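Architecture at a glance
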Amino acid sequence: MKQARWFPPLLFAALTTALCFLTLPIVAIFVDTGPGELLASLDDPAAVDALTLSLWTSALAVGIIVLVGTPAAFLLATRSFRGRDLLVTLIELPLVLPPAVAGIGLLAALGPNGLFGQALDDAGIRVVLTTTSVVLALTFVAAPFYLRQAESAFSALDRSWLDASRTLGAGEATTFARVAIPAALPGLIAGLALAWGRALGEFGATLMFAGSFRGVTQTVPLAIYERFATDFTAALGLSAVLVAVSGAILLTVKLATRASPARVLPR
Amino acid sequence: MSFRVEATTDLGALHLDVDLDVPSGRCLAIAGPSGAGKSSALRVAAGLLQPMVGRVVSGREIWLDTARGIDRRPEERRCGYVFQDYALFPHHRAWQNVAYALRDRPRGSREPEARAWLARFGLEALADARPATLSGGERQRVALARALARRPDVLLLDEPLSALDTRTRARASRHLADVLRESQVPTILVTHDFAEAALLGNEVAIIDDGRVVQRGSASQLAAQPATAFVADFTGAVVLYGTATPDSDGTTLVTLAGGHRIRSTDTADGPVAATVFPWEITIEPTGHRTPRSTQNQLEAQVLSITTIGGRARLGLSGAASLTAEVSTTAISHLDLRPGTPVTATWKAAATRLVALDS
């Protein structure tokens, strides 16, 4: 029997190529930025403002997404109804939308001349160019990542677990909280990490919908872009900080999932 | 406290129409092929499936009455449900799975009570294990403990043994039989295996294509199958032919291949003649002892399957037969695939079921 000896090396070569290509820019950022420059970029108060703003707005956006998205995804995963596929497509649409289009859309809906602009103005709420608009943009762009992941995590649950919970005297809400969420937790956390990563890196929609005002709407990606034109070294330093923060969040979430007992899935 | 479930509903291509009642302390085994609607009947009883028309009554409590718009939620029906794959919560330890059923008890007493339940099932040492690390038999006992810890008014068992391997199944079924004997509540058990139904049920209802085709004790069903399906399902050999009453009071059945057999049952017209594999004896060909009270067919051994000290012989000849003989007979007669033999059984052991022509 003739073995295909060339195939395993081919797989190996493909992985090596992918790995090199994907890590090269990140490695370059850190190679070009000395530790001194990295610290110096944190000396810049504008950079610290951007980092603080990025962290809390993205955390708030992810919090909103998880709070609303988890029950919504559960409903999508456990009920079949007419038009379900259409609904899922609508929810996933922002995934493929260019961020600039997302920004325009948000302006058209909530901007001063938008659909709800007048209503918001009458209520005394100003959204555009405020920190609120940053949170809205991040939520809009990152939510589909969580919803998709959470929906598939809930779909993968054994339906008999949910049935068993009901026959054991637990209502729907208890079943959701005590069985569905713990059993789907690894998937939910993976979705949370993806959404958070996406929110931290958000650029286009925020720029169009919220602008780039230091301390108010200027998140790290916007601050990097501002420096890019004038001070490449500072842009590089801030990029390195963002990579480190995003990487740390991703890693923490992964480790938390591994430590979670819910990882023990049946068979 | 008795239990009754009536349901009529369409499930895809299947039309389910059942009416099952079980007195307290008794076990009704519903047996039938997969897709016959057995599990659906249980799901209706537990409130996990809403029938178009139905009534579920437990003692004096009405759980469902579509005519009166009553439909209690699953959590409001006190039923202990053991699912086919046991449905243990993977993120909970064994005792936490049982404690989940004790939600109506004070918080502090749940853990000791759950551990006590597990101890009753011989699982005290595994109380802290997670389901993924338990064997099939252990999982089944945790599921049973969890269902009983709910202190149910009715016990619903969906194929409680089918997820187990053959060796574990024998021990688990003895254990389950003990549990059911002690249990005071009505029980409905669903299985696709007639032997299991016969062992665990006080009564057996054979269900096919959404309907109960016959109900009675297991031996009744085996001895007097109402239809060819029941005969086949209970494990009998089924031969099709045409019956004509004979002058001596017996009935002569002409099989499809032209061979004739006799039965002490009376029938006229198209029939299914049934005989149990253990009624058939095997002799070497030519060793004839022809008597009018005996049936004989020439056949060839097709297959030999040993189960314990017994062996099932698949025979091909004028008709396909299955005979059950001792393993000593196999070696004594030097039986192997291809050996020509004579299959003999009594006319009195041949049951006739009239077929619709």
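Residues numbered from 1 in each chain as written. Chains lettered and ligands numbered in written order. Predicted model: local features only at pLDDT ≥ 70, side-chain atom pairs only at ≥ 80, totals over all residues. Heavy atoms only, no water.

Let's talk about the domain arrangement of chain B
Per the domain assignment, the segments of chain B are domain 1 (3–224) and domain 2 (237–354). Between the C-alpha centres of domain 1 of chain B and domain 2 of chain B there is a distance of 39 Å. (Domains from an automatic or database assignment.)

Topic: the pairing of strand β19 (residues 321–326) of chain B
Residue and element names in this part refer to chain B. Here six bridges tie strand β18 (residues 310–317) to β19, and the two strands are oriented antiparallel to one another. By the bridge assignment for β19, R310 is matched with S326. Counted along the chain from β18 to the antiparallel partner β19, the turn is three residues long. (Pairing = 2+ DSSP bridges. Helix = DSSP H or I, 4+ residues; strand = E, 2+ residues; numbered from the N terminus.)

What to know about the sheet that holds strand β15 (residues 269–275) of chain B
Residue and element names in this part refer to chain B. Spatial strand order, β14-β13-β12-β15-β21: five strands in an open sheet with antiparallel pairing. Only two strands of the sheet have a single neighbouring strand rather than two, namely β14 (260–263) and β21 (351–354). Mean inter-strand twist for the sheet, computed between neighbouring axes without regard to direction, equals 40 degrees. By the bridge criterion, five bridges tie strand β12 (residues 237–245) to strand β13 (residues 251–255) in an arrangement that is antiparallel. Counterpart to P245 in the pairing with β13 is T251. (Axes fitted to C-alpha atoms, helices over the stretch in contact; angles between N-to-C directions.)

Points about the confidence of the model for chain A
Residue and element names in this part refer to chain A. Per-residue confidence for chain A averages 88 on the pLDDT scale, and 95% of its residues sit at or above 70. The least confident element of chain A is helix α2 (residues 35–43), whose mean pLDDT is 76; the most confident is helix α8 (residues 159–167), at 96. Residue range residues 261–267 is modelled with pLDDT below 50. Its contacts to residues more than four positions away, or to other chains, number 18 contacts. (pLDDT = per-residue confidence, 0-100. Contact = heavy atoms within 4.5 Å.)

Structural notes on unusual backbone geometry
Residue and element names in this part refer to chain B. The phi angle at A87 is positive, at roughly 50 degrees, despite the residue not being glycine. The topology assignment puts A87 in the loop between β7 (79–82) and α2 (94–99). Of note in the backbone geometry, E159 takes a positive phi value of approximately 45 degrees without being a glycine. By the element assignment, E159 lies in the loop between β8 (154–158) and α5 (166–182).

Topic: the pattern of salt bridges
Residues and elements named next belong to chain B. Scanning all chains against the criterion turns up 34 salt bridges over all chains. The residue E6 makes a salt bridge to R55 at a minimum N-O spacing of 3.6 Å. You can see E6 sitting in strand β1 (residues 3–11) and its partner R55 sitting in strand β4 (residues 53–58), a full 49 residues away along the chain. Residue classification places E6 among the partly exposed residues on the basis of a relative accessible area of 24%. The shortest N-O distance in the salt bridge between R68 and D65 comes to 3.9 Å. The class for D65 is buried, based on a relative accessible area of 5%. Taken together, the shared-partner salt bridges connect R4, E6, D19, R55, D65 and R68 into one network. (Salt bridge = Lys/Arg side-chain N within 4 Å of Asp/Glu carboxyl O. Buried < 20%, exposed > 50% of the residue type's maximum accessible area, 1.4 Å probe, protein only.)

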